[in-house]
Amino acid sequence: MREPDGALENRLVAELAAGDREAAERLVERTYRMVFGLLRRLCGDPDLAADLTQETYRKAWDALAGFDGRSQFSTWICRIAYNTFLNHLRRPRRLVPFDEAREAAVPDPAPAADVIVGQAAAGDRLRRAVMALPEDLRYTVTALFWGDLPVKEVARQEGITTVAIRKRLKKALQILANTLEEDAR
Amino acid sequence: MSRLTEREIARKLAEPLDEEPPAGLLDKIKSEIPPVISMGALGSSGTPGGKPPGGEVRPFPTPTPASRIPRRAQWLMAASLAVAVLGGLLSWRVVKMQPPLPTSEAVDMQTRPESADAGPTGSPSESDAESMSPPPPAKARPLSPEMEKQLGSLGYTAPGDAVLSDESAGMRDQRGAGDARRRNEAGEPVQPVEVPSALPAPMVDKEQAFETGVEGGVVGGVPGGVVGGAPGGVPGGTGRGVPSERKDDSPLRVGENRAAPAAPKQKAAAAAGTTGTTGGSAEPNDEAYGDTFYRAVETNPFVDTEEDRLSTFGLDVDTASYTVARRYLQDGNLPNPNSVRIEELVNFFDYGDAPPEREDFALRAEGAPTPFAGPEYRLLRFNVRARQIRPEDRKPAVLIFVVDISGSMDMENRLGLVKRSLELLLSRLRAGDKVGLVVYGDRARVLLEPTFDLEQVRAAVGGLRAEGSTNAEAGLTAGYDLANRYFRPEANNRILLCSDGVANVGATGPERILARIGGEARKGIELTTLGFGMGNYNDVLMEQLADKGDGRYAYVDTLDEARRVLVEELEGTLETIAKDAKVQVAFNPQVVDRWRLLGYENRDIADEKFRDDTVDAGEIGAGHGVTALYEVKLKPGATADRPVANLHLRWKSERTGRVREEEKLLRVSQMARSWDGATPALRLASVVAEFGEILRGSYWARGSSLDALARLAERVAREQRESRRGADVAELAKLIGKASRLKEP
């Protein structure tokens, strides 16, 4: 039987600690799809997600000194990815084009409604609804669904119980249901 | 439009992404692995969960105590992680077998500028609302078995879609009847809704007291006589099981969703045994997050007067929500429902209520039928108008401008608007006022010690440039330090924070600064927040800061708004008349069948705390008017001279330092018989409130259309064209029309 992934990750981290740079490559191989997928769903843009994935790992290498191995590497990197995304949102230079574009589009914004149809739009709507969640709920949803992390890992990382995580999730889904319903009205 | 159940949403969230990471990404990442990686702390200190790198950007980190998970449980976690990762791999394999998203169109849409900025505080743009019908669950892509398993472990899988849709239909049907059942849907333990099993004895006494007290002419008598001394006298005796103090400092208020209807529309539910609608405070609020969160989520429900005849809340003079909505609409977007606070919309307008000559407050109560509810319903308007202060009578001020000059303030000329706003304010200051200037980007620095030389201040303000990131905490800390050093007991000591509210750097979340703000406010240094900019704007933080800081929160979308807040209402912005102003409205159960407070959701105070003067409530500035609206359903056959409701206002007077109480009784005979016969003030207020309810997506505005409201608003605007608020009302009508075209094209 194969070595369980968690144990494998731990072993790779231990090897990395011992100075084996190749272990870092193995860790990247194991986690980068998850990181990319998470960022892709957070930001909705594949190119940006790729950039942010790279940035996530750059940060991770710098920060590994603070990693104590008590949570899984994948849990840890998921949080870094999420923070990288938040950081990105707060970068003013990234936001400037947004406003310019929006202002340019102001004269008649209504037609945009007709342009957006179909499933992709629905996904985007869901994504934006997730974005509008309160911070802790948003992270919970991101980590559980888009980071594929187990409840227990997220609970441990957040320093709360699994019951509290489930409650957060419950609230998040309630809010999402309301938001999507309102949007659809 | 059908409502997605939580399960359906969970499944949609869990859908695998049909997209591979771009080719070459893996190599790029690998190429960036540094030759030497420092792993110093491995196994020694700090949990990664508690302190992730880049964690400094979490805008408002939930306090995360060190992991409480016992070590012996770790093997379990390892196992579940293993399962999840295996599942991930499996699902990737599934993904790979499916064709990738071929639509460049989809990608285009997703890179549309808005999408990059939905942001933690950003809002879903709703201009495309109509096109967005959620796809039926049947079309959902299959989930990997492991994701199914994870969903199952979370309580979000159903045996099959058929069951699922039955469930969802059932859920929809239940919405009117069973909040508790809804909560129970995912197997969460049901919190018993606290409903008194029988009317507590004091309740009966209170009703008698209302009758005897009010009819017996207690008006102006012993404070509390009218309500039978109930407030404070009988904790919990009013049917409100859980005393709900405001807990505004909870980090969960950040980004909260206030829009969700949480209680059934009892208008439609036709009476009979409805329970659990006790003014929003019978929710299971005792859990760590549930408290503020639940309360914030809901729109106030209808409350049966038989169950709870008292409505208690802190006053709020903020008006930001209206200007925020205006900004959204003028940009061609519908406002984020979470940003809409009905009381702030309503209080934006000057209803022409006369201020008192000598007293601190003038009280007013009126009522009328409204076009937005059935014939047995009335809209009640209670207004509290504070004494005005002539500019020359204002106390001197020690003002500390704390200005956000972070990079984000460079956008849309936010800083330019701040500068012009402050220049307007400076033009209204006079000899004896002192102004200091603190700016913050990465760090805070005192640009100018408080000085009487306003020309010097003007020059310093004029020279502001945007730079760096945002450290609001440092800025406020420096501002308070300065204000403390220059504190003058006889003056208005006030911090004026100008920011877009984006606080991304700082040692902690807002808790620490919020704690300090409360203490400083008690010492007499108040905080007014002026919000600027949109997109990445943090409405909640700005409101929270001003609320804690005993000041006012205004959102400055235009220079005109700056003029209104800083010039026309300068005395009110600078000088507080009353502190901790609370309102309690007692409804007569023999006349009022049920009632609903419009807005003030996050100002709720437990009934029994009304006479607890340690409870933090609203601060009212000179000349401010505060309006509270109630929708009430009358009992059939209420006769003309019966009292409908009695308004109590309790506040601490700044002038005398003493706590005072006033009341105002509203009788059936004092209410208009038709909406057309209502006062202009009430007609306007009803339109504003309905606008807010629709924007919020309130349950009680479901049947309303913005289009009809726009026509009504135009009528009201024509009628009130000549009044002092004529321009504001005309603008309101335009905004409603605009919203109508955006929402119902």
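Because the structure is a prediction, the values reported are computed rather than measured.

## A closer look at the overall build of chain A
- Broken down by element type, chain A carries 10 helices and zero strands.
- The secondary structure elements of chain A, listed N-terminal to C-terminal, are α-α-α-α-α-α-α-α-α-α.
- Taken over 185 residues, chain A has a buried fraction of 62%.
- Restricting to contacts in chain A with at least 6 residues of sequence separation, those with at least 24 account for 61%.

## Quick word on the overall build of chain B
- What chain B contains, in helices and strands, is 22 helices and 16 strands.
- The 745 residues of chain B split such that 54% are buried.
- At a minimum sequence separation of 6, the contacts of chain B that also span at least 24 residues come to 81%.

## Section: the sheet that holds strand E9 (residues 525-531) of chain B
Residues and elements named next belong to chain B.
- One open sheet accounts for six strands, arranged E7-E6-E5-E8-E9-E10; its pairing is mixed. Two strands close off the open sheet at either side, each with one partner strand: strand E7 (444-451) and strand E10 (553-555). Across this sheet, the average inter-strand angle for adjacent strands is 15°, counted without regard to direction.
- The sheet contacts of helix H14 (residues 454-462) involve strand E6 (434-440) and E7, and relative to E7 the element is tilted by about 160°.

## Describing the nonpolar core
- Core analysis: the biggest nonpolar cluster contains 144 residues, and B:Phe401, B:Val438, B:Val688, B:Ala713 and B:Ile736 have the highest contact counts within it.
- With 10 residues, the single largest contributor to this core is helix H20 (residues 680-696) of chain B.
- Ignoring sequence-local partners within four residues, the contact set of B:Val688 consists of B:Leu345, B:Val346, B:Phe349 and B:Leu732.
- A:Val13, A:Val28, A:Ala50 and A:Leu149 belong to the second-largest nonpolar core, a separate cluster that totals 66 residues.

## Describing the packing of helix H3 (residues 46-63) of chain A against helix H4 (residues 73-89) of chain A
Residues and elements named next belong to chain A.
- Two elements in contact, H3 and H4, have axes separated by 9 Å at closest approach and are oriented at 120°. By the angle class used here, H3 and H4 are oblique. In this structure, H3 crosses over H4, and the sense of that crossing is right-handed. Between H3 and H4, the contacting residues are Leu52, Glu55, Thr56, Lys59, Ala60 and Ala63 on the first element and Ile77, Ile80, Ala81, Thr84, Phe85 and His88 on the second.
- Of the residues in the contact of H3 with H4, the class split is seven nonpolar, three polar and two charged.

## Comments concerning the sheet that holds strand E12 (residues 592-598) of chain B
All names here are of chain B.
- The five strands are arranged E1-E12-E14-E4-E3 in an open sheet whose pairing can be described as antiparallel. Both edges of this open sheet fall to strand E1 (303-304) and strand E3 (361-368), since each of them pairs with a single strand only.
- As defined by bridge partners, E12 adjoins strand E14 (residues 625-634) across six bridges and the pair is classed as antiparallel. Bridge assignment links Leu597 to a residue of E14, and that residue is Tyr630.
- In this fold H20 packs onto E3, strand E4 (377-386), E12 and E14, with an angle of close to 105° to the strand it touches most, E4.

## A look at the pairing of E7(B)
Residue and element names in this part refer to chain B.
- Pairing of E6 with E7, which is carried by five bridges, proceeds in the antiparallel orientation. Pairing of Val439 across the sheet is with Arg445, part of E7.
- Hairpin connection between E6 and E7: a loop of three residues separates the two successive antiparallel strands.

## A few points about the environment of B:Asp604
- Mapped onto the secondary structure, B:Asp604 falls in the loop between E12 and strand E13 (618-621).
- Exposure remark for B:Asp604: the 22 C-beta atoms within 10 Å place this residue in the buried category.

## So, the environment of B:Glu344
Residues and elements named next belong to chain B.
- With respect to the secondary-structure elements, Glu344 resides in helix H12 (residues 342-346).
- Spatially, the C-alpha atom of Glu344 lies 9.3 Å from that of Gly692, the residues being 348 residues apart in sequence.
- Residue contacts for Glu344: discarding those within four places in its chain leaves Asp318, Thr319, Ala320, Ser321 and Tyr322.

## A short note on unusual backbone geometry
- A positive phi angle, close to 55°, is found at A:Asp148, a residue other than glycine.
- Among the structural elements, A:Asp148 can be located in the loop between helix H8 (135-146) and helix H9 (151-158).
- On the basis of neighbour counts, which here come to 27 C-beta atoms within 10 Å, the residue A:Asp148 falls in the buried class.
- Not every positive phi belongs to a glycine, and B:Asp550 is a case in point at roughly 55°.
- Relative to the helices and strands, B:Asp550 is located in the loop between helix H17 (539-548) and E10.

## Brief notes about the packing of helix H2 (residues 21-43) of chain A against H4(A)
Residue and element names in this part refer to chain A.
- Look at H2 against H4: their axes get within 10 Å of each other, and the N-to-C directions meet at 35°. As for the relative orientation of H2 and H4, their crossing is right-handed in sense. Residue-level inspection shows Leu27, Thr31, Met34, Val35, Leu38, Leu39, Leu42 and Cys43 of H2 in contact with H4, the latter providing Phe73, Ser74, Ile77, Cys78, Ala81 and Phe85.

## What about the environment of B:Tyr553?
Residue and element names in this part refer to chain B.
- When you line up the elements, Tyr553 lands in strand E10.
- With 236 residues separating them in the primary sequence, Tyr553 and Val317 have C-alpha atoms 8.1 Å apart.
- When neighbours within four sequence positions are excluded, Tyr553 is seen to be in contact with Asp318, Ala320, Thr529, Met542, Glu543 and Ala546.

## Observations concerning helix H15 (residues 472-485) of chain B
- Look at H15(B): 20 Å from first C-alpha to last across 14 residues, which is about the 20 Å you get at 1.5 Å a residue.
- In terms of burial, H15(B) is largely enclosed, as 10 of its 14 residues are buried.

## Re H9(A)
Residues and elements named next belong to chain A.
- The buried fraction of H9 is high, at eight of eight residues.
- Within the sequence span of H9, burial applies to Val151, Lys152, Glu153, Val154, Ala155, Arg156, Gln157 and Glu158.
- Positive phi shows up at Gly159, right after H9, with a value of about 70°.

## A word on the pairing of E4(B)
All names here are of chain B.
- With nine of its 10 residues buried, E4 lies for the most part within the structure.
- Bridge count between E3 and E4: eight bridges; the pairing is antiparallel. In the strand pairing of E4, Phe361 is matched with Ala386.
- Two strands pair when backbone bridges link them, and E4 and E14 are joined in this way by nine bridges, in the antiparallel orientation. Of the residues in E14, the one forming a bridge with Leu379 is Glu631.

## A closer look at the confidence of the model for chain A
- For chain A, the average pLDDT comes to 75, and 77% of its residues sit at 70 or higher.
- Contacts for the low-pLDDT stretch residues 92-119 of chain A, under 50 throughout, to residues beyond four places or in other chains number 47 contacts.

## Considering the confidence of the model for chain B
- When pLDDT is averaged across chain B, the result is 71; 63% of the residues are at 70 or more.
- Under the prediction, the complex receives an ipTM of 0.78, its pTM being 0.51.

Conventions we followed
Residue indices begin from 1 for each chain and proceed along its sequence in written order. Going through the entries in the order they are written, you letter the chains from A and number the ligands from 1. With pLDDT at 70 or above as the cut-off, local features in this predicted model cover only qualifying residues; side-chain atom pairs require 80 or more to be listed or tallied, and sums for whole chains, interfaces and linings still use all residues. Secondary structure elements are defined from DSSP: runs of H or I of at least 4 residues count as helices, runs of E of at least 2 residues count as strands, and each element is numbered from the N terminus. Residue burial here comes from a neighbour count, namely the number of other C-beta atoms, placed from the backbone, that lie within 10 Å of the residue's own C-beta, with 20 or more meaning buried, 12 or fewer meaning exposed, and in between meaning partly exposed. Residue pairs are scored as contacts if the distance between their C-beta atoms, which are placed from the backbone, is within 7 Å. One requirement defines pairing of two strands: DSSP has to find at least two bridges between them. Each axis is a line fitted through C-alpha atoms, taken for helices only over the stretch in contact, and angles between the N-to-C directions span 0 to 180 degrees. By definition, a nonpolar core groups buried Ala, Val, Leu, Ile, Met, Phe, Trp, Tyr and Cys residues that connect through C-beta atoms lying within 7 Å of each other. In this scheme, roughly parallel covers angles under 35 degrees and roughly antiparallel covers those over 145, while 65 to 115 is roughly perpendicular and the rest are oblique. Each crossing gets its handedness from the near helix: less than a right angle anticlockwise from the far helix is left-handed, clockwise is right-handed. Asp, Glu, Lys and Arg are counted as charged, while Ala, Val, Leu, Ile, Met, Phe, Trp, Tyr, Cys and Pro are counted as nonpolar; the rest, among them Gly, fall into the polar class. In a helix, the anticipated span is given by 1.5 Å times the number of residues less one. Confidence of the predictor at the level of single residues is given by pLDDT, which spans 0 to 100.

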